[in-house]
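These are the residues of each chain, in order.
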Amino acid sequence: MEIIKLGNEILRQKAERIQKIDGAIHTLAAEMLNMLEQKKGVGLAGPQVGVLKRIFVIKLVKEPSMVFINPSILKTAQETVKYEEGCLSVPGVWADVIRPATVAIQAWNEKGRPFTIEASGLLARAILHEFDHLEGVLFIDHLSELKRTRLLAKFNKL
Ligand code: NI
């Protein structure tokens, strides 16, 4: 398993729904969580490891890890917040991104159990960032053109 970086078209494709949550998906989730820990990231989505499937994992400091399979966003707050984001697929650069302050999401875990959560703070931020990956969207897409150009210039220099 390897992290796919900006420039690879896989990151721009829409991920496909997972038909069956079986042992292979269970293993995939475990490997993604291992990778996330290794890279000291907060979240990791399927397309970032070359798997165009609707799955992402999140691990916040002092919180248990979470697996989201075939997620649907039920609701987002109208209130927005600005917070600095980075991405394992766009290493070395960070930028403030404006997103809804809260999100309600429904998904299945790696055991095939459905769940719904309402998240705020860092968890909401991570969920929205990772969900974007399933749609082929990156955090840099949320920036103004000027800020994105500057960020990409810095990224390309690294
Ligand atoms: Ni990311």
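Residues numbered from 1 in each chain as written. Predicted model: local features only at pLDDT ≥ 70, side-chain atom pairs only at ≥ 80, totals over all residues. Heavy atoms only, no water.

Overview of unusual backbone geometry
Working note: non-glycine residues mostly have negative phi, and peptide bonds are mostly trans. With a phi close to 65 degrees, Lys62 is a non-glycine residue in the positive phi region. Structurally, Lys62 is set in the loop between strand S2 (55-58) and strand S3 (66-76). The exposure class assigned to Lys62 is exposed, which follows from its relative accessible area of 81%. For Asn70, which is not glycine, the phi dihedral falls at a positive 45 degrees. Tracing the backbone through its elements, the reader meets Asn70 in strand S3. (Helix = DSSP H or I, 4+ residues; strand = E, 2+ residues; numbered from the N terminus. Buried < 20%, exposed > 50% of the residue type's maximum accessible area, 1.4 Å probe, protein only.)

Focus: the coordination of the nickel ion
Tetrahedral coordination by four donors sets the ideal angle at the metal to 109.5 degrees; octahedral coordination by six donors sets it to 90 or 180 degrees. The nickel ion binds to the protein through Cys87 (SG), His129 (NE2) and His133 (NE2), with metal-donor distances spanning 2.1 to 2.2 Å. Judged by relative accessible area, which is 10%, Cys87 ranks as buried. Take His129: its relative accessible area is 7%, and that puts it in the buried class. (Donors = N, O, S within 2.8 Å, 3.2 Å for Na, K, Ca; no water.)

A few points about the pairing of strand S6 (residues 102-108)
Most of S6 sits inside the fold, with 5 of its 7 residues counted as buried. Relative to S6, S3 runs antiparallel, the two being bridged by 5 bridges. Looking across to S6, one finds that Lys75 is bridged to Ala104. Of the strand pairs in this sheet, S6 and strand S7 (residues 114-120) are connected by 7 bridges, and their pairing is antiparallel. Considered in S7, the bridge of Gln106 is made with Thr116. What sits between S6 and S7 in their antiparallel hairpin is a turn of 5 residues, with Gly112 showing a positive phi close to 85 degrees. (Pairing = 2+ DSSP bridges.)

Quick notes on helix H1 (residues 23-38)
Side chains three or four residues apart in an α-helix point the same way, a direct result of the helix having 3.6 residues per turn. With 16 residues, H1 should cover 22 Å at 1.5 Å per step; its first-to-last C-alpha distance of 22 Å lies within 8% of that length. When H1 is considered as a whole, its buried residues turn out to be Ile25, Leu28, Ala29, Met32, Leu33, Met35 and Leu36. Along the axis of H1, the buried residues cluster in a sector spanning 160 degrees; they form a single face. Facing away from the buried side of H1, by more than 90 degrees, are the exposed residues Ala24, Glu37 and Gln38. (Expected span 1.5 Å × (residues − 1). Arc of directions from axis to C-beta.)

Focus on the pattern of salt bridges
One pass over the structure, following the stated rule, counts 6 salt bridges. For the salt bridge of Glu85 with Arg125, the shortest nitrogen-to-oxygen distance reads 2.7 Å. On the criterion of sequence distance, the pair formed by Glu85 in strand S4 (residues 80-87) and Arg125 in helix H2 (residues 121-134) is long-range, its members being 40 residues apart. Grouping residues by exposure puts Glu85 and Arg125 together as buried. Linked by salt bridges that have partners in common, Glu85, Arg99, Arg125 and Asp132 make up one network. (Salt bridge = Lys/Arg side-chain N within 4 Å of Asp/Glu carboxyl O.)

A word on the nonpolar core
Across soluble globular proteins, nonpolar side chains have a tendency to be buried as a group. Residues Phe56, Ile58, Phe68, Ile117, Leu123 and Ile127 are the most contacted members of the largest nonpolar core, which totals 19 residues. Residue contributions to this core peak at 7 residues, all from H2. Beyond its immediate chain neighbours, meaning those up to four positions away, Ile117 contacts Met66, Phe68, Val103, Ala104, Ile105, Leu123 and Ile127. Counting 17 residues, the second-largest nonpolar core is a separate cluster that includes Ile3, Ile18, Ala29 and Leu36. (Core = buried A, V, L, I, M, F, W, Y, C linked by side-chain atoms within 4.5 Å. Contact = heavy atoms within 4.5 Å.)

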